[in-house]
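These are the residues of each chain, in order.
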Amino acid sequence: MQTIFKIAFLVGLIGGSIQPAIALELFGVNLNSTNSAELRIAVKTAGARLIREGGEDNWFDVYDSSDALAGSIRLYLGFVKQDQRFAFAEYEFKSLNPAQMLSKLTTKYGAAETHAGSFISDRKYRWQRDGIEIELSSDWQHHVTRLSYINPVNMSVLLAERASYKSQLATEAESFSIY
């Protein structure tokens, strides 16, 4: 009888220690399985106001995110055009000091990989969660801090689509002549 209890106890320990994989979410939406329609609704519900939606010539949406995330000014969302899969989300913050956001992200995701730049202010902080790359960095040229969530596979598809589109436009421009 004790053997049965020991086996049950061990199964409980092993089973209890296995945690289900928790997908990385933004606005309550799983970034690995979302599409443009679902994420756009969630972003608007969170209080972001649409400035411009991506379309044929625009490769990302632009939102005023000041009511969705304190301190942020813009949110950019990018999707693969072919099937509307999530490629990236990027917040801009008006502050160049990422310390407060770094503290919040460290609490949420753990210690970051730190990538040094030429100057101490060029540091980038990165996390990998559920196939999504999270990066916090300062953009001194534009006087903002950026927080990005990127699905690398989908982002490479989006960039390839964009390059193909630009190449097609260039080819069309070359073949067009008013003479």
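Just above sits the structure.
Residues numbered from 1 in each chain as written. Predicted model: local features only at pLDDT ≥ 70, side-chain atom pairs only at ≥ 80, totals over all residues. Heavy atoms only, no water.

Turning next to the environment of His143. In this fold, His143 is placed in the loop between β9 (132-139) and β10 (144-150). We classify His143 as exposed; its relative accessible area is 52%. With sequence-adjacent residues up to four places away left out, His143 is seen in contact with Phe93, Lys94 and Leu96. (Helix = DSSP H or I, 4+ residues; strand = E, 2+ residues; numbered from the N terminus. Buried < 20%, exposed > 50% of the residue type's maximum accessible area, 1.4 Å probe, protein only. Contact = heavy atoms within 4.5 Å.)

Within the secondary structure, Glu92 is located in strand β6 (residues 86-93). A distance of 3.4 Å separates polar atoms of two side chains, one belonging to Glu92 and the other to Tyr76. Excluding residues within four positions of it along the chain, Glu92 makes contact with Ser72, Ile73, Arg74, Tyr76, Val144, Thr145 and Arg146. (Polar contact = N/O pair within 3.5 Å; in protein donor to acceptor, adjacent residues only side chain to side chain.)

Summarising the sheet, strand β7 (residues 113-115) and strand β8 (residues 124-129) pair through 3 bridges and their orientation is antiparallel. In the sheet register, Thr114 faces β8, and the bridge partner there is Tyr125. Where β8 and β9 come together, 6 bridges link them in antiparallel fashion. Note that in β9 the partner of Lys124 across the bridge is Ser137. (Pairing = 2+ DSSP bridges.)

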